[in-house]
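Survey of secondary and tertiary structure
For reference, the chains in residue letters:
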Amino acid sequence: MRITLSLLLFSLWVASAQAQVYKWTDDKGQVHFSDKPPATSQTPAKVETVNPGAQKRNSHLSTAPDSAAAQFVSSSSSDAIQFVVSLRQMLAEKNYTSLNLRLQALSRLREKDIRSERSEVAAYAAFRVIRENYLQQLNDWVSSSPVNVQPYMARANYYYAMAWASRGGNVSSETSDQQIQGMESYAKLARADLQRVIQRKADMLPAYALLIWTEKLLGNDEGSQQAFSQGVDLQPASYTLYRNFIITQAPHWGGSYDSMKAVAEAANSGVSSNPLLAQIPGFILQEAGKDSRIANHYNDSLQYYDAALQLGDNDEAFYGKGRTLYDKKEYAAASKAHQRAITLYPYESSYYQQLAWSEYKREEYSAAGKAIRQACQLNPENEKYQSLRKDIALSLAQKTYQQRSEMLPGAQVAAYQQALQLAPDNDEVYYYRALYYAHQGDWSNAEVDLKKAIELDPEDFDNYYRLDYALIRKNKDFAQIARYWLQYLELKPNDSKALLEIAGTYYHMKDKEKMRFYAQKSADLGNVEAQKYLQ
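Position numbers for residues start from 1 in each chain and track the written sequence from start to end. Where local features are concerned, this predicted model is filtered to residues with pLDDT of at least 70; where side-chain atom pairs are given and counted, the filter is 80 or more; whole-chain, interface and lining totals use all residues. The side-chain values count all of the structure's non-hydrogen atoms but skip hydrogen atoms and water molecules.

1. Side note on the overall build of the chain
Counted only if it meets this: Numbering of helices and strands starts at the N terminus; helices are DSSP runs of H or I of at least 4 residues and strands are runs of E of at least 2. Between two residues, a contact is recorded if the distance between any of their heavy atoms is within 4.5 Å. Only the protein chains shown count as cover for residues, with accessible areas throughout obtained via the Shrake-Rupley method and a probe of 1.4 Å.
A count of helices and strands for the chain gives 27 helices and 3 strands. Partitioning the contacts of the chain with sequence separation of at least 6, the portion at a separation of at least 24 is 60%. Of the roughly 25200 Å² of accessible surface on the chain, a fraction of 47% belongs to carbon and sulfur atoms.

Structural data, given as structure tokens:
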């Protein structure tokens, strides 16, 4: 559904006014937000006016925060990534005491200043590792620290990630019952852990933030709204709670622009305590921007995102704008938008992935490689990230080879090394560096790289073919050449080209019997060139 920009901007202007917003609970316990009081026929159990600027004080006194946690809150992209990696490393090393203390420090920072809340949420998201055997590490942490909320909070994030992974990314009509059941199973486990956290630490904001979405996944709209209501009762100036809940009210989640507007109006009450809340109405514009992009109405989409950014620099608005610019093939502008998103919120792996794609399309492979490497550090299990990482490395190697006549040898070596640092598991990168060494007459290094390429992909004919040539040029080691062709033929016994090559190798070794044997097999498979060895 498209909505006009002028109408939407007008509704947002109205929402920004200091109007009364009513929050009320019906007799079923469901919480509602509206700019009108409830009808008397609905017999509300409780009605209150949300006063702009009202802010509850947190009763927990903060102590001096862990310096690493403080650095994480105000970190650069590299510091943020290193912090996330360090949390996972602590878990792997079973350093539970340090792990608990590090996460407790983030809670203290958030209790002291609500504007640091997103860093705490991001820290727990570090444990959204899509790998079933990862659960044992989290269970060990829970067993070691049963009275702490941190391991339960981390495990809930894992279950939440597994719920999404079980469901998959297709629309409902293309999602099987088995996938839905898997999603619900993991979501219920996440809910159980989040409830444990809230029972032990009622003001644990990340628990309410995740519970909003967990209940939504389970189709429990009332539970999602209740999690939001309970959270904002304790943390009325929380950007994360309002952000999560307003997205659940979007049309594609079964809500409407009107229901999103009601949440935006309610968020206005905390702007004086947390200026980020002024950006909440922008999510209505972002939703419209996304709908327009999907419909290929790119100019409309950019208008919506730019209007959202008028409310303040918002990382998700920059990300959405970057996606639209990318679809318009304006890759340089898209890169700038994604870089801005990363600067504002350096914990989201998809921002780095989209930056990598934009730079990749510009053929700026060094910048693309750096971005996708960072995405992989934040989300190492993402297969799409790993595939893009290999593609970028290969493109860098190919471009270097194609421009070999224009580049100094030292620059070529550095470029190949950069490609290998990005994708040491890509055989084709070693193949292209071997070609470089061959052009330089460095047959020893060419041999080393081709053998590594074969190790990584033992079924690639070209790797063996080039190694054959390198070994001939190096020292005519036909015995070694024969061994490698035999290795290949164990995997590909009916490759007529390989049979012809080994026949030629035995010709040079003056072993006519083996030469005729392999030549005949090649000829039988239709290789007419093999006839020359049989005549």
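Now that the structure has been shown, we can carry on.
2. What about the packing of helix α21 (residues 427-439) against helix α23 (residues 461-475)?
As a reminder, the rule being used: Interaxial angle, 0 to 180 degrees, is taken between N-to-C directions of lines fitted to C-alpha atoms, where a helix line uses only the stretch in contact. For classification purposes, angles smaller than 35 degrees are called roughly parallel, those larger than 145 roughly antiparallel, those between 65 and 115 roughly perpendicular, and all remaining angles oblique. A clockwise turn of the near helix away from the far one marks a right-handed crossing, whereas an anticlockwise turn of less than a right angle marks a left-handed crossing.
Packing of α21 against α23 brings their axes to within 11 Å, and their N-to-C directions diverge by 25°. Taken together, α21 and α23 sit at an angle that is classed as roughly parallel. Considering the relative orientation of α21 and α23, their crossing is left-handed. Two secondary-structure elements touch here, α21 through D427, Y431 and L435 and α23 through D462, N463 and R466.

3. Structural notes on the environment of E184
Relative to the elements of secondary structure, E184 occurs in helix α8 (residues 177-200). Through-space distance from the C-alpha of E184 to that of W164 is 9.4 Å; in sequence the pair is 20 residues apart.

4. Topic: the packing of helix α19 (residues 383-402) against α21
Following both chains from N to C, one finds α19 and α21 inclined at 15°, their axes separated by 9 Å at the closest point. By the angle between their axes, α19 is roughly parallel relative to α21. Crossing geometry of α19 relative to α21 is assigned as left-handed. Packed against α19, whose contacting residues are A393, L394, A397, Q398 and Y401, the element α21 presents E428, V429, Y432, L435 and H439 at the interface.

5. As for helix α5 (residues 117-125)
In an α-helix there are 3.6 residues to a turn, and that puts residues three or four apart on one side. Applicable threshold: Exposure classes here rest on a 1.4 Å probe applied to the protein chains alone. A residue is buried below 20% of its type maximum, exposed above 50%, and partly exposed in between.
Across the 9 residues of α5, 8 count as buried, placing the element largely inside the fold. Of all the residues in α5, the buried ones are E117, R118, S119, E120, V121, A122, A123 and Y124.

6. So, the side chain of E120
Threshold: In the analysis that follows, any N or O atom pair within 3.5 Å is treated as a polar contact, provided that within protein one partner can donate a hydrogen and the other can accept it, and provided that, for residues neighboring in sequence, both atoms belong to side chains.
As for its placement among the helices and strands, E120 is situated in helix α5. Here the side chain of E120 touches S107 through a polar contact of 2.5 Å, side chain to side chain. When near neighbours in sequence (up to four residues on either side) are disregarded, E120 contacts L106, S107, R110, M204 and P206.

7. Details of the packing of aromatic side chains
To keep it simple, the criterion reads: Stacked, tilted and edge-to-face pairs are distinguished by plane angle, under 30 degrees for stacked and over 60 for edge-to-face with tilted covering the rest, among Phe, Tyr and Trp rings (Trp via its six-membered ring) whose centres lie within 6.5 Å. For a lysine, the NZ atom is tested; for an arginine, the CZ atom; a charge sits over a ring if that atom is within 6 Å of the ring centre and within 35 degrees of the ring normal.
Across all of its chains, the model carries 29 aromatic pairs by this definition. Between the aromatic rings of F461 and Y465, the centroid separation amounts to 5.9 Å while the plane-to-plane angle is 25°, which identifies the pairing as stacked. Placement of both F461 and Y465 in helix α23 is noted, with a separation of 4 residues, approximately one turn of the helix. You can call Y465 partly exposed: its relative accessible area is 40%. With a centroid separation of 4.9 Å and an interplanar angle of 85°, the aromatic rings of F517 and Y518 are classed as edge-to-face. Classification of F517 as partly exposed rests on a relative accessible area of 45%. The class of Y518 is buried, set by a relative accessible area of 14%. Through pairs of rings, three or more aromatic residues link up here, namely F461, Y464, Y465, Y484, W485 and Y488. The ring of Y345 carries R118 above its face, with NZ or CZ at 3.9 Å from the centroid. Above the face of the F461 ring, K497 is positioned so that its terminal group lies 4.6 Å from the ring centre.

8. Some points on unusual backbone geometry
Its identity is not glycine, yet E363 carries a phi of approximately 65°, on the positive side. The partly exposed category is assigned to E363, whose relative accessible area is 44%. Although it is not a glycine, K510 sits at a positive phi angle of roughly 60°. By the element assignment, K510 lies in the loop between α25 (496-508) and α26 (512-524). Residue classification places K510 among the exposed positions, given a relative accessible area of 73%.

9. What to know about helix α24 (residues 478-491)
To keep things clear, this is the line we draw: The span one expects for a helix is its residue count, reduced by one, times 1.5 Å.
Helix length check: α24, at 14 residues, gives a terminal C-alpha distance of 20 Å against a target of 20 Å (1.5 Å per residue), a fit within 8%. Those residues of α24 lying buried are F478, Q480, I481, A482, Y484, W485, Y488 and L489.

10. Considering the confidence of the model for the chain
This is how the line gets drawn: Known as pLDDT, the predictor's confidence for each residue is given on a scale from 0 to 100.
Scored by pLDDT, the chain comes out at a mean of 89, with 86% of its residues at no less than 70. For residues 17-21, every residue scores under 50 in pLDDT, and the model assigns this stretch 11 contacts once sequence neighbours within four places are set aside. Below a pLDDT of 50 lies the segment residues 43-65, which in the model reaches 51 contacts outside its immediate sequence neighbourhood of four places, other chains included.

11. Let's talk about the pattern of salt bridges
Quick reminder of the rule: Basic side-chain nitrogens of Lys or Arg form a salt bridge, by our definition, when they fall within 4 Å of a carboxyl oxygen of Asp or Glu.
Considering all chains together, one arrives at 25 salt bridges under this definition. The residue R115 makes a salt bridge to D113 at a minimum N-O spacing of 3.0 Å. Take R115: its relative accessible area is 51%, and that puts it in the exposed class. One salt bridge connects D193 with R196, and the closest N-O pair in it is separated by 2.5 Å. In this pair, D193 and R196 both sit in helix α8, 3 residues apart, roughly one turn of the helix. A residue is classified by how much of its surface remains accessible, and R196, at 32% relative accessible area, is partly exposed. Several salt bridges converge on common partners, so that one network encompasses E111, K201 and D203.

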